[in-house]
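For reference, the chains in residue letters:
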Amino acid sequence: MPLGGTSNHFRTDVLRKIHGWDSFNVTEDADLGIRLARLGHRATTLDSTTFEEATNRTGDWLKQRSRWLKGYMQTWLVHMRDPLALWRHAGTRGFFAFQLFIGGTFVSSLANPLMWLMFIASHALGITIFLGPFGEALARASLFSLIAGNVLFVYLAMLGPYRRGWLQLAPYGLIAPLYWLLISVAAYRAVWQLVRRPFHWDKTRHGVSHFKATAA
Amino acid sequence: MTLAEFAPLQRAQSTLPFLIAALALALAVLFPLLPSSVVLAGADTLFAALVFHGALAAGYPLLHTLAITVLSFVQAGIFQSAADKAGSIWLGLAVYCVASAAANFVRYRDARRVMVLGAALSLAQLLDPMGALLAVFLLPVCVGLPRAGEAANKAGLLALLLFMPVVTAIVLAYARGVLGFNPIQFLGAAHRLGEQVPLYLLLLAGFASAPVLWLTMFVRAVRRADGLIAVYSGLIVMVATALASLLGADRDVASVLIGVGAASAAGLCAWPRAARHADLAVAAMALAAVVSWLLVNLPSAVT
């Protein structure tokens, strides 16, 4: 389980035994979750709520997401130095879960604008992207994937606030494709930073929000 | 015999939704490849299974559930459409799914029911053009019936509920306009029972074939907001059919009988304390079935 940073509780003896966290990784919590799993420990979720201050400016948001994505890239690179060892330690299910949750997060963010460009080139400019005997079928499958994937993402973004009773937020789910675009910007910024400043910590500004946390 | 006394049936009830989903999925995926008679038999089975499951879940005893299922199925409009003589079982499926999902949404108001209602309204559009009308006219009613003590943000709720039906409508328009694929045409929907009848007879058929809906609306013991959704659904089908008939579209008494019949089955499944009113439910459904067979011969008797 790639842990998140807002509210984690550890057994200190276990934490000491595994020599703490990797201070060079900018998402040390995610890396710690994977290491715990590899060493045979278990992480579970407490059914509770942690309130935190969300970033409310585009610049701050981009910095925060770049840091998270860079951290995921670091985590993936560190654990994939020896893929067979990872497979042995985490098991088949854990290995593929790692690829999906850690690798998939930044790969999808990096691939998304390329896919959109291919879609525009194919449908608006009439450029044939998929060649060969299965070209047409591949094009249809890609179109279905694009529409179904984005529709599902938008719908989930609308449904989340409903479960919390914050219905006034539901329509904002409709702008989820814009979120995708911005997260791709953050992903490319993360790649750039991974090369140029791999251990730089883009701090998130706090105390700028006017809202106070309230229980749901 | 009650469900609680019959253990194998309790187990069957828990697996029934999965069987229904599997059948629906198989039909959705395989319908272009299967002979039309097999597709029709699958749709008939699906309709009967949905009514059976709905009645069991409502709390009717086993024998009453079986009776309600059989009586729902032998109503003239649905039976004839099931036998492919007239009308379309697809309209019955669409109305039942939407009315049940909307009633459950109004009763429980949770995220799962939001998804089920959205899916039902999307599916209804695939099955019959009436599905789009149901989405347009039923959703505001659902949104306007909040649970006691709920301070709903109606614009947000409407946006959430409309999302899936609107996306489906856009995809369908694209499929028809660009890809030249029309699933409704593919399903072979036909709604003409026979010769055209005057408008007043059409409306008369709708009102006379709906004793269950009358009870749901006016008898206090079985009246509840979520049950009224079924009444609205039947009314929408009836008014839309009347308008379509006026405009010369291919709709007739069959559409009204199928729509009202399916809405009646959904209405029964929304009755509160169903076990207490099981006899009344079966009697009302039997009356609806008898009346529907009288009405089905109305056009030839009049003309």
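In what follows, the accompanying structure is described.

The rules behind each value
- Residues numbered from 1 in each chain as written.
- Chains lettered and ligands numbered in written order.
- Predicted model: local features only at pLDDT ≥ 70, side-chain atom pairs only at ≥ 80, totals over all residues.
- Heavy atoms only, no water.
- Helix = DSSP H or I, 4+ residues; strand = E, 2+ residues; numbered from the N terminus.
- Buried < 20%, exposed > 50% of the residue type's maximum accessible area, 1.4 Å probe, protein only.
- Lys, Arg positive; Asp, Glu negative; His and termini not counted.
- Salt bridge = Lys/Arg side-chain N within 4 Å of Asp/Glu carboxyl O.
- Contact = heavy atoms within 4.5 Å.
- Buried area = accessible area lost by both parts, 1.4 Å probe.
- Polar contact = N/O pair within 3.5 Å; in protein donor to acceptor, adjacent residues only side chain to side chain.
- Nonpolar A, V, L, I, M, F, W, Y, C, P; charged D, E, K, R; others polar.
- Phe/Tyr/Trp six-rings, centres within 6.5 Å; stacked < 30°, edge-to-face > 60°.
- Lys NZ or Arg CZ within 6 Å of the ring centre and 35° of its normal.
- Core = buried A, V, L, I, M, F, W, Y, C linked by side-chain atoms within 4.5 Å.
- Patch = residues over 30% accessible without salt bridge, like charges linked within 9 Å, V, L, I, M, F, W, Y side chains within 5 Å.
- Areas by Shrake-Rupley, 256 points an atom, 1.4 Å probe, with all protein chains shown as cover.
- Axes fitted to C-alpha atoms, helices over the stretch in contact; angles between N-to-C directions.
- Parallel < 35°, antiparallel > 145°, perpendicular 65-115°, else oblique.
- Left-handed = near helix turned anticlockwise from the far one by under 90°.
- Arc of directions from axis to C-beta.
- Expected span 1.5 Å × (residues − 1).

## Focus on the side chain of A:Arg67
Along the chain, A:Arg67 falls in helix 3 (residues 58–79). Buried charged residue A:Arg67 carries no salt bridge. Nearest counter-charge: A:Asp202, at 7.1 Å.

## Here's the deal with the interface of chain B and chain A
Size of an interface, as often reported, equals the accessible area lost when the parts are brought together. Taken together, the contact between chain B and chain A spans 16 residues of the former and 15 residues of the latter. Approximately 1,400 Å² of surface area, both sides summed, lies buried where chain B meets chain A, with 82% of it carried by carbon and sulfur atoms. Among the residues of chain B in contact with chain A, B:Ala111, B:Leu160 and B:Phe163 are the three that bury the most area, contributing 39% of the side total. Our count for the chain B to chain A interface comes out at zero salt bridges. Between chain B and chain A we count one residue pair in polar contact (both at pLDDT 80 or more) in total. By residue class, the composition of the side of chain B that touches chain A is twelve nonpolar, two polar and two charged.

## Focus: the packing of aromatic side chains
Two measures describe an aromatic ring pair: the distance that separates the ring centres and the angle between the ring planes. Enumeration over the complete set of coordinates arrives at 13 aromatic pairs over all chains. A connected cluster of aromatic rings, assembled from ring pairs, spans A:Trp61, A:Phe153, A:Tyr179 and A:Trp180. Sitting over the ring of B:Tyr108, B:Arg113 keeps its end group 4.1 Å from the ring centre.

## Let's talk about the nonpolar core
One finds B:Tyr60, B:Tyr96, B:Phe105 and B:Leu117 to be the most contacted residues of the largest nonpolar core, which totals 99 residues. Among the elements that make up this core, the one with the highest residue count is helix 5 (residues 89–108) of chain B (14 residues). Setting aside its immediate chain neighbours within four residues, B:Leu117 contacts B:Val98, B:Ala101, B:Ala102, B:Phe105, B:Leu139, B:Cys142 and B:Leu161. Of all hydrophobic cores here, the second largest spans 19 residues; its members include A:Ala30, A:Leu86, A:Leu110 and A:Ile183.

## Digging into the pattern of salt bridges
According to the stated counting rule, one finds six salt bridges over all chains in the structure shown. A salt bridge links A:Asp31 to A:Arg35; the shortest N-O distance between them is 3.9 Å. Taken together, the residues A:Asp31 and A:Arg35, both in helix 2 (residues 28–38) and four residues apart, mark about one turn of the helix. For the residue pair A:Asp31 and A:Arg35, the accessibility class agrees, reading buried in each case. For the salt bridge of B:Arg224 with B:Asp226, the shortest nitrogen-to-oxygen distance reads 3.0 Å. Overall, B:Arg224 belongs to the partly exposed group, its relative accessible area being 31%. Sharing partners across several salt bridges, the network here consists of B:Arg107, B:Arg224 and B:Asp226.

## Section: a nonpolar patch on the surface
All names here are of chain B. On the surface, Leu199, Phe207, Trp214, Phe218, Leu235, Val239, Leu243, Leu246 and Leu247 cluster together into a nonpolar patch covering about 910 Å² of accessible area. Every element with two or more residues in the nonpolar patch is listed here: helix 10 (199–208), helix 11 (211–218) and helix 12 (225–246). A total of four residues in the nonpolar patch trace back to one element, the largest contributor, which is helix 12. Structurally, Leu243 can be placed in helix 12.

## So, the packing of helix 6 (residues 111–127) of chain B against helix 8 (residues 154–179) of chain B
Residue and element names in this part refer to chain B. Helix 8 packs onto helix 6 with a crossing angle of 25 degrees between their chain directions and a minimal axis gap of 8 Å. Relative to helix 8, the element helix 6 lies roughly parallel. Note on packing geometry: the crossing formed by helix 6 with helix 8 is right-handed. Where helix 6 approaches helix 8, its residues Val114, Met115, Leu117, Gly118, Ala119, Leu121, Ser122, Gln125 and Leu126 are matched on the opposing element by Leu160, Leu161, Met164, Pro165, Thr168, Ala169 and Leu172.

## Observations regarding helix 10 of chain B
Of all the residues in helix 10 of chain B, the buried ones are B:Leu201, B:Leu202, B:Ala205 and B:Gly206. Seen along its axis, helix 10 of chain B keeps its buried residues to an arc of 140 degrees; they face one direction.

## What to know about the side chain of B:Thr69
Relative to the helices and strands, B:Thr69 resides in helix 3 (residues 62–73). With residues up to four places along the chain from it excluded, the contact list for B:Thr69 reads B:Ala48, B:Val51 and B:Phe52.

## Structural notes on helix 6 of chain B
Owing to its 3.6 residues per turn, the α-helix aligns residues three or four sequence positions apart on the same side. The terminal C-alpha atoms of helix 6 of chain B lie 24 Å apart, and with 17 residues this matches the ideal 24 Å at 1.5 Å per residue to within 8%. Taken residue by residue, helix 6 of chain B has B:Ala111, B:Arg113, B:Val114, B:Leu117, B:Gly118, B:Ala120, B:Leu121, B:Ser122, B:Ala124, B:Gln125 and B:Leu127 as its buried positions.

## Considering unusual backbone geometry
Both trends apply: most residues other than glycine have a negative phi, and most peptide bonds are in trans. All names here are of chain B. Phi angles above zero are rare outside glycine, and Arg109 is one such case at about 50 degrees. Mapping Arg109 onto the fold places it in the loop between helix 5 and helix 6. One non-glycine residue with positive phi stands out, namely Arg273, at about 45 degrees. Along the chain, Arg273 turns up in the loop between helix 13 (253–269) and helix 14 (278–296).

## Focus: the packing of helix 10 of chain B against helix 13 of chain B
All names here are of chain B. At a minimum axis distance of 9 Å, the contact between helix 10 and helix 13 shows a crossing angle of 20 degrees. If you check the angle between helix 10 and helix 13, you find them roughly parallel. Seen from above, helix 10 lies across helix 13 with right-handed handedness. The segment helix 10 lies against helix 13, with Leu202, Ala205 and Gly206 engaging Val253, Val256, Leu257 and Val260. Across the contact of helix 10 with helix 13, the residue classes break down as six nonpolar, one polar and no charged.

By themselves, these are just geometric observations and shouldn't be taken as functional.
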